[in-house]
Amino acid sequence: PLHPIAAFDRIGEENAFAVLARAAALAAQGRDIINLGIGQPDFPTPPHIVEAAIKALRDGHHGYTPSVGIEPLRTAVAADVHRRFGTEIDPGKVVIVPGGKVTMFSAILMLGEPGAEILYPDPGFPIYRSMIEFTGATPVPVPIREENGFGFSAQEALALITPKTRLVILNSPANPTGGVTPKAEIDAFVAGLEKHPHVAILSDEIYDQFLFDGEAHTTLLSYPEIRDRLILLNGWSKTYAMTGWRLGWALWPEGLFEAARKLAVNAWSCVNAPAQYGALAALTGPQDCVAQMVAEFDRRRHLVVEGLNALPGISCAVPKGAFYAFPNISGTGWSSAKKLAAALLDEAGVATIGGPDFGIFGEGYIRLSYANSAENIARALERMGAFLGEAR
Ligand code: PLP
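Residues numbered from 1 in each chain as written. Predicted model: local features only at pLDDT ≥ 70, side-chain atom pairs only at ≥ 80, totals over all residues.

Draft legend 1. Region of interest: the packing of helix α3 (residues 47–58) against helix α10 (residues 273–284). Contact geometry for α3 and α10: axes closest at 7 Å, N-to-C directions at 140°. By the angle class used here, α3 and α10 are oblique. Pair α3 / α10 crosses with right-handed handedness. Counting all contacts with α3, which are made through His 48, Ile 49, Val 50, Ala 52, Ala 53, Ala 56 and Leu 57, the residues of α10 involved are Ala 273, Pro 274, Ala 275, Tyr 277, Gly 278, Leu 280, Ala 281 and Ala 282. Split into classes, the residues belonging to the contact of α3 with α10 amount to 13 nonpolar, two polar and no charged. (Axes fitted to C-alpha atoms, helices over the stretch in contact; angles between N-to-C directions. Helix = DSSP H or I, 4+ residues; strand = E, 2+ residues; numbered from the N terminus. Parallel < 35°, antiparallel > 145°, perpendicular 65-115°, else oblique. Left-handed = near helix turned anticlockwise from the far one by under 90°. Contact = placed C-beta atoms within 7 Å. Nonpolar A, V, L, I, M, F, W, Y, C, P; charged D, E, K, R; others polar.)

Draft legend 2. Spotlight on the packing of helix α5 (residues 100–111) against helix α6 (residues 126–135). At their nearest, the axes of α5 and α6 sit 9 Å apart, and the two run at 30° to each other. Relative to α6, the crossing made by α5 is right-handed. Here Lys 101, Met 104, Phe 105, Ile 108 and Leu 109 of α5 lie close against α6, whose contacting residues are Ile 127, Tyr 128, Met 131, Ile 132 and Thr 135. Counted by class, the contact of α5 with α6 contains eight nonpolar, one polar and one charged residues.

Draft legend 3. A look at the sheet that holds strand β12 (residues 366–369). Taking strand neighbours across the sheet as the criterion, the three strands line up as β9-β12-β11 in an open arrangement whose pairing is antiparallel. The two strands at the open ends of the sheet, each matched to only one other strand, are β9 (324–325) and β11 (353–354). Sheet topology places β11 next to β12; two bridges connect them, and they run antiparallel. When the sheet's bridge partners are listed, Gly 354 is paired in β12 with Ile 366. (Pairing = 2+ DSSP bridges.)

Draft legend 4. Just the environment of Leu 388, in detail. Tracing the chain through its elements places Leu 388 in helix α13 (residues 374–391). Look at Leu 388 and you get buried, because 22 C-beta atoms sit within 10 Å. Residues Leu 388 and Asn 148, spaced 240 residues apart in sequence, show a C-alpha to C-alpha distance of 28 Å. Among all residues touching Leu 388, those that are not within four sequence positions of it are Leu 311, Pro 312, Gly 313 and Thr 332. (Buried ≥ 20, exposed ≤ 12 C-beta atoms within 10 Å, placed from the backbone.)

Draft legend 5. Representation of helix α2 (residues 15–28) within the structure. Spanning 14 residues, α2 covers 20 Å between terminal C-alpha atoms, matching the ideal 20 Å at 1.5 Å per step. Contacts made by the buried residues of α2 are with β1 (34–35), α12 (337–348), β10 (350–351) and β11. Just past α2, the residue Gly 30 takes up positive phi, approximately 95°. (Expected span 1.5 Å × (residues − 1).)

Draft legend 6. The confidence of the model for the protein, seen in detail. For the protein, the average pLDDT comes to 96, and 99% of its residues sit at 70 or higher. Note on the complex model: pTM 0.97, ipTM 0.99. (pLDDT = per-residue confidence, 0-100.)

See the structure below:
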């Protein structure tokens, strides 16, 4: 039989998709499953964006576009960054990609190889570690701790840097914890990087508009001193409820841009043309759709956190960003968070994801996405309460 090269034995996956499949299989057997496992907004894409993509098709945008994306979209990305953060970026270094994940993949592929070390947040998005392992580089987890509000610790990260470190990955607001790294911590990290000029930074800011309690986003773009080694990951998937469109954007530093462009030419030619016109409408059109979605997430956030804290053995810190809650389950008597998540799905009909699916420091936690209706969230919490009460 055929075998892929050994690197494919090391590549992982996102267990969220396996949970989704298991939940769908149970639902197909007639079970009523409430899905708090999936990390995508439950809203449809705003209609003006959908219409712009349909119009692009009608107007004949059926061919290849430049590999790095259509000019007006790259310019609109730079204008949006300027509008939101007051920071200038060169649209000539923006690459439109088929999903934020592609930027992650590209950056780790460009900098990872045997002998290299890459720092990544743990618990964190599972694909970081998977891709690092794929390249043969050594994955070095930076612990993301509840006592730090699930923010990134500059001190801990800087202490893990060695002469072999090639890349440090940051993600704020964060999946799976909802943690937001305070500006002072990012200031300290950037200041500390001065001593380590060989280290590049990948800042995954895909949840940058999902912030609550008046928090403002600190983008790594606002530090000119690291611009020549910063890869910025962002996109439309979460902000405009466009996960299935497969769209993202990256800003590449001078030294890596050509590699990013060539990767696009070799692997996907360009992002599908009508989707790019939809993305353009998203950035240049009204933004109240984003504010409305965030307000609805905020309302649900309170429901989830209050509901979780009322459950036996569970304590949940208030997440400041993204749309996830990451409750501590150590008081429930369940020593394996994955087993608890599996039992909640099979016995209570509530899909969640065990913290260890996001890294070794995820044990003792489960992730709930509140991208579901307030009514379903309330039903899920009721079921979880009954399940945990009985299991005691
Ligand atoms: N980065 C983080 C932290 C995510 O949670 C996700 C999606 O779940 C992505 C990147 C990927 O986004 P996209 O769907 O645009 O590839």
